Structure formats: structure tokens, C-alpha cells
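Below are the chains, spelled out letter by letter.
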Amino acid sequence: MGELTLAVNGIELCVETFGSPGDPPILLVGGMSASMDYWEDDFCQALAAGRRFVIRYDHRDTGRSTTWPPGAPGYTGRDMIEDIPALLDAFGLDKGHIFGISMGGALAQCAAALYPDRVETLILNETSPAFDGVPDLPPIGEEMADFFAKAAESTVPDPDDHEALVSMLVEDQRAFVPEGYDEARMRAVVERVVRRTPDMRPSFTNHQMMSDGEPIEATLADIAAPTLVIHGTRDPLFPIGHGEILARDIPDATLLVLDGVGHEPPPPSTWEVAIPAILEHTAP
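This write-up is about the structure you can find in this document.

Each value, and the rule that gives it
- Residues numbered from 1 in each chain as written.
- Predicted model: local features only at pLDDT ≥ 70, side-chain atom pairs only at ≥ 80, totals over all residues.
- Heavy atoms only, no water.
- Axes fitted to C-alpha atoms, helices over the stretch in contact; angles between N-to-C directions.
- Helix = DSSP H or I, 4+ residues; strand = E, 2+ residues; numbered from the N terminus.
- Parallel < 35°, antiparallel > 145°, perpendicular 65-115°, else oblique.
- Left-handed = near helix turned anticlockwise from the far one by under 90°.
- Contact = heavy atoms within 4.5 Å.
- Nonpolar A, V, L, I, M, F, W, Y, C, P; charged D, E, K, R; others polar.
- Buried < 20%, exposed > 50% of the residue type's maximum accessible area, 1.4 Å probe, protein only.
- Expected span 1.5 Å × (residues − 1).
- Bend = angle between axes of the 7 residues up to and from the residue.
- Polar contact = N/O pair within 3.5 Å; in protein donor to acceptor, adjacent residues only side chain to side chain.
- Phe/Tyr/Trp six-rings, centres within 6.5 Å; stacked < 30°, edge-to-face > 60°.

**Concerning the packing of helix α1 (residues 41-49) against helix α9 (residues 271-281)**
So, step 1. At a closest axis distance of 10 Å, the pairing of α1 and α9 adopts a crossing angle of 45°. Between α1 and α9, the angle is such that the two are oblique. Crossing hand, α1 versus α9: right-handed. Facing Asp-42, Phe-43, Ala-46 and Leu-47 of α1, the residues of α9 in contact are Trp-271, Ile-275, Ile-278 and Leu-279.
So, step 2. Class assignment for the residues of the contact of α1 with α9 results in 7 nonpolar, no polar and 1 charged.

See the structure below:
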């Protein structure tokens, strides 16, 4: 259907859909600082070919959605959670299958706990428990910690220098995928991100700076939606123990392990396994 700009939850969110609106809906919830472009076209089309109505969207402060000045996000994490049921409302959907990656996985967990009647099933990809009090979570990898320390001291390129922005983001993504990094594929994704985004600066800062907002009193045991946890063995940000704990502590959860995969949506090399698993999990 192409891109649409929808009035959602008091702001404007840019969305794009794949497939027929009459098929079971899957709402893709991206990670921190990530526009919808990181959900690759071919991945979305593969799900749509399995008779799913796929919805991807630009978070606040990414892509073509509403933005705030860099360093001054006018919203909280709770607002980003509320965007999920609000998007379902915008499409006239009573409920949907919610597929979240990284920060988006945390948002999806919270939505499932707050709005159990709106979440048909949950898919959690390369993420971690969203609620406090979960013991024994493996720490971030040393190389990933070093990357964040260096990134905090680095200078962001001029926002009008698109090639420099692309080069920086391509190298940044390399840190999250320690095995089998496909630079050419990622460059194509990042070029689209930079081309579609009028100003990249809010996406570099604002999600990290937003407050949590109204607290959510819930635990993983409160998630009632059947849950598929997809986690790579080489995720340097959330080592696979995070996925194992999610699958253990969410009552109706299963774990799909992707060998050699880092902190990323399922790459094409895994689609023969991942796509059927997602379609089976979201089957009517």
C-alpha cells in the first residue's frame, strides 16, 4: 500500500503495510533509534506471502514520524508502549500479533501485560525482560561495552552529509553482528534509512534520553499471550541467556535459537526456519 501517515496517540506515525488487511495482522515494533526500514522489505513480503497483514512503522523520532529537538524528547517510554494499541485502533483492529525486537521487544512485553485483550500472540526477538526483579541475566559482552563507550565520545557527522552518516551507521551495525556481517546488505538498509529521514539527529539521542513514564507493575508471569522467543547465539547486547529466561518465565512461551545470529532481525540465511516458525505461531 506504500507509506501512510496516521494520526496516532496525539502524534503522527509513518507506517507501511504488506499483504491483505483481511489476513491476521502482525505489527512490527522496531528497536531503539530504529526506523521501520530495519524490517527489510523481503522479510515483510515473505510474511505477507504466508497470508499475514504486516504493519511496520517509524517510531517517534525516527524516519518520517513526529520528531522532537535532539536531546529533548517530549514523550516517555510509556507513550511508546501506548503507540502499539493506538496503531491497532488506527487500522480498526481489535487485536494483533505483536513482534518486537530489542527495545521494541520490551515495549511489546509491556503492551501484552497492560492490554492482554489486544495482543493475540507475542514474538520477542533479541530482547530482554522488560520488568524489574529478573535475576541472573547475563551481562553485556565486553566488546559491546567498549563500542558504547567509544560511541559516547565520538562525533556525529553533519546531518546533511548523507554519505558520512551512512558510513557511520554501517560500521555501528557491525558491532551488533559479530559473525557473518553482510555489509552490502546493511548498507542498502542504512541508505534507505538516511534517505527517508529528514533529520537523523533526534534518532541518535532521544530514545536513550526519554524517561520511563508511568511505572508498570507486572512480571513476565503476567504475560498471557502465547509467545515465541527468537534469539541468536551471538547476540553481544543481550546474550542468549536473556532469551532463555524469557522463554522460561513467560507461561506459554517457546524458544527458537538461531545459530550464529547477532543482535538483528532474523537475517535471510535463517528465513527458511524463522518464517515458517512465525507463520505457525501466528496461524488462526
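**Brief notes about the environment of Pro-135**
So, step 1. Relative to the assigned elements, Pro-135 resides in the loop between β6 (119-125) and α4 (142-153).
So, step 2. For Pro-135, a relative accessible area of 48% translates into the label partly exposed.
So, step 3. Through-space distance from the C-alpha of Pro-135 to that of Cys-44 is 35 Å; in sequence the pair is 91 residues apart.

**A closer look at the packing of α4 against helix α5 (residues 162-176)**
So, step 1. Contact geometry of α4 with α5 gives a least axis separation of 9 Å together with a crossing angle of 155°. Classified by the interaxial angle, the pair formed by α4 and α5 is roughly antiparallel. Two secondary-structure elements touch here, α4 through Met-144, Phe-147 and Phe-148 and α5 through Asp-172, Ala-175 and Phe-176.
So, step 2. Here the contact of α4 with α5 is built from residues that sort into 5 nonpolar, no polar and 1 charged.

**Digging into helix α2 (residues 77-90)**
So, step 1. The first and last C-alpha atoms of α2 sit 20 Å apart over 14 residues, in line with the 20 Å expected at 1.5 Å per residue.
So, step 2. The largest bend in α2 comes to about 30°, at Ile-84, with the proline Pro-85 one to four residues further on.
So, step 3. Its side-chain oxygen placed 3.2 Å from the backbone nitrogen of Arg-78, Thr-76 serves as the N-cap of α2.
So, step 4. At the C-terminal side of α2, Gly-92 shows a positive phi close to 70°.

**Considerations on the packing of aromatic side chains**
So, step 1. Counting across every chain of the model gives 9 aromatic pairs.
So, step 2. Between Trp-39 and Phe-99 the ring centres are 5.1 Å apart and the planes differ by 70°, which places this aromatic pair in the edge-to-face class. With Trp-39 in the loop between β3 (25-29) and α1 and Phe-99 in strand β5 (residues 96-101), this pair connects stretches of sequence that are 60 residues apart. Here Trp-39 and Phe-99 have matching classes, each one buried.
So, step 3. Taken together, a centroid distance of 5.7 Å and an interplanar angle of 75° make the contact between Phe-147 and Phe-176 edge-to-face. Taken together, the positions of Phe-147 in helix α4 and Phe-176 in helix α5 put the pair 29 residues apart, joining distant regions of the chain.

**Quick word on unusual backbone geometry**
So, step 1. Even without a glycine there, the phi angle at Asn-9 is positive, about 55°.
So, step 2. Turning to its location among the elements, Asn-9 is positioned in the loop between β1 (2-8) and β2 (11-18).
So, step 3. What makes Asn-9 partly exposed here is its relative accessible area of 36%.
So, step 4. Its identity is not glycine, yet Ser-33 carries a phi of approximately 65°, on the positive side.

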